[in-house]
Amino acid sequence: MKSVKSSTNHDRIDQHLVTIVTLSMGLSEGLKVTLMSVENQNYPIRHIIIDGSGSKQTKEFCKEYFPRVEVHAQVPRGIYTAMNFGIEMVDDRSFVMFLNEADFLLGPEAISKLFSSVRDRSCWAYGGTLAFSKNDDRTLLYGYNTPLWRNFKMGLDLIPHPSSVIPGIWLKKQKGYKDYFKIAADTEMNFRIYKKYGPPVHIQELISAHEIGGISTLLERWSKFESRWARFLNFPIFTLRKL
């Protein structure tokens, strides 16, 4: 397996800095797909992996095949604790995308498309994410259609983190994700960012894809509870209207 070298000039000053943070529990085929999709971008990217496996396998693999990727070990303490750990490593001038293990970017121009309408670090942006199942023909599309911000406040329109970029300094000023959430802290963060900085730029392009996971009914119910909780913390009037 050979690393694909990008032909992009990483010294261009007219491009926004972007850092992709990937959470992983060790080297897997899914992580290799993620790594390759980032490596193949025609846009300069800093890629950080937060590895909770306790093994050196991921770091050794990246050192050989993806030498620009930074691998940092962390004892597992939850998804959002790991995301906050990644945020602290991001340059204040950089945008951040969370593209987790087995998520992948759709084509070499995915990041370029996402930044096509971003003027500067005074805005955030997102596009579409495709969720698919290997076991059947199910596909779900998130973030592609033109958003209605009233629906966003009511939890009906989502901003998927595998296809969104947010200035890292904004996340730091918000003190990171609230790790007492188990499932919906990214949704709650999007609510806070929306309230503080306004709606994101929407790009009607497919940016990323991921496999639909086998979430149990219990987790689905907990996710709905947390999403309602996140809405109530940030948009109480809209939440009460929906109840």
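A brief report on the enclosed structure follows. (Residues numbered from 1 in each chain as written. Predicted model: local features only at pLDDT ≥ 70, side-chain atom pairs only at ≥ 80, totals over all residues. Heavy atoms only, no water.)

Overview of the pattern of salt bridges
Step number 1: All told, the structure shown has 8 salt bridges when counted by the stated rule.
Step number 2: Among the salt bridges present, the one from R46 reaches E70, with a minimum N-O distance of 2.7 Å. Remark: E70 occurs in strand β3 (residues 70-73) and R46 occurs in strand β2 (residues 46-51); sequence separation between them is 24 residues.
Step number 3: Classification of R46 by relative accessible area gives partly exposed; the value is 28%.
Step number 4: Connected via shared salt-bridge partners are K178, E188 and R192. (Salt bridge = Lys/Arg side-chain N within 4 Å of Asp/Glu carboxyl O. Helix = DSSP H or I, 4+ residues; strand = E, 2+ residues; numbered from the N terminus. Buried < 20%, exposed > 50% of the residue type's maximum accessible area, 1.4 Å probe, protein only.)

A look at a nonpolar patch on the surface
Step number 1: Taken together, the side chains of Y180, F225, W229 and L233 present a nonpolar region at the surface, about 380 Å² in accessible area.
Step number 2: Following the sequence through the fold, Y180 ends up in the loop between α6 (168-173) and α7 (185-197).
Step number 3: Its relative accessible area of 44% is what places Y180 among the partly exposed residues. (Patch = residues over 30% accessible without salt bridge, like charges linked within 9 Å, V, L, I, M, F, W, Y side chains within 5 Å. Areas by Shrake-Rupley, 256 points an atom, 1.4 Å probe, with all protein chains shown as cover.)

Notes on the pairing of strand β4 (residues 95-98)
For a regular strand, side chains alternate in direction, first toward one face of the sheet and then toward the other.
Step number 1: Of the two faces of β4, both are covered, the one formed by F95 and M97 as well as the one formed by V96 and F98.
Step number 2: When strand β1 (residues 18-24) meets β4, the two strands line up parallel, connected through 4 bridges. Each residue of the ladder has a partner; that of I20, found in β4, is M97.
Step number 3: Sheet topology places β4 next to strand β8 (residues 164-167); 2 bridges connect them, and they run antiparallel. Considered in β8, the bridge of F95 is made with P167. (Pairing = 2+ DSSP bridges.)

Examining helix α2 (residues 57-65)
Step number 1: Within α2 the residues assigned to the buried category are T58, F61, C62 and Y65. Axial view of α2: buried residues confined to an arc of 95°, hence all on one face. Turned more than 90 degrees from where α2 packs its buried face, K59, E60, K63 and E64 sit exposed.
Step number 2: Check the buried side of α2 and you find it contacts α1 (29-39), β2 and β3. (Arc of directions from axis to C-beta. Contact = heavy atoms within 4.5 Å.)

A word on α7
Step number 1: In this model α7 runs 18 Å from its N-terminal to its C-terminal C-alpha over 13 residues, within 8% of the 18 Å that 1.5 Å per residue would give.
Step number 2: Once α7 ends, the next one or two residues include G198, with phi positive near 90°. (Expected span 1.5 Å × (residues − 1).)

Section: the environment of Q204
Step number 1: You can see Q204 is positioned in strand β9 (residues 201-211).
Step number 2: With a relative accessible area of 41%, Q204 lands in the partly exposed category.
Step number 3: With 59 residues separating them in the primary sequence, Q204 and N145 have C-alpha atoms 6.6 Å apart.
Step number 4: In this structure, Q204 is in contact with Y144, N145 and T146, ignoring residues within four places of it in sequence.
Step number 5: Looking at Q204, its side chain comes within polar contact range of the main-chain oxygen of Y144, at 3.5 Å. (Polar contact = N/O pair within 3.5 Å; in protein donor to acceptor, adjacent residues only side chain to side chain.)

Looking at unusual backbone geometry
Step number 1: Within the chain, A102 stands out as a residue other than glycine whose phi angle is a positive 80°.
Step number 2: By the secondary structure assignment, A102 is in the loop between β4 and β5 (104-105).
Step number 3: Even without a glycine there, the phi angle at K175 is positive, about 65°.
Step number 4: Its location among the elements puts K175 in the loop between α6 and α7.

Observations concerning the packing of aromatic side chains
Step number 1: A complete count under the given rule lists 19 aromatic pairs for this structure.
Step number 2: Ring centres of F61 and Y65 lie 4.9 Å apart, and the angle between their planes is 45°; on these two criteria the pair is classed as tilted. Taken together, the positions of F61 and Y65, both in helix α2 and 4 residues apart, correspond to about one turn of that helix.
Step number 3: Of the aromatic side chains, those joined through ring pairs into one cluster are W149, F152, F191, Y194 and F235. (Phe/Tyr/Trp six-rings, centres within 6.5 Å; stacked < 30°, edge-to-face > 60°.)

Side note on the nonpolar core
Step number 1: Core analysis: the biggest nonpolar cluster contains 29 residues, and V21, I50, F98, W124, L171, Y177 and I193 have the highest contact counts within it.
Step number 2: Of all the secondary structure elements, the ones that give two or more residues to this core are β1, β2, α3 (79-87), β4, α6 and α7.
Step number 3: When residues in this core are grouped by element, the largest group, 5 residues, is from α7.
Step number 4: Not counting residues up to four positions away in its chain, the partners in contact with Y177 are Y80, M83, N84, I87, F98, L171, A185, D186, M189 and R192.
Step number 5: The next biggest cluster of nonpolar side chains, apart from the first, holds 19 residues, and it includes M97, L99, L105 and V165. (Core = buried A, V, L, I, M, F, W, Y, C linked by side-chain atoms within 4.5 Å.)

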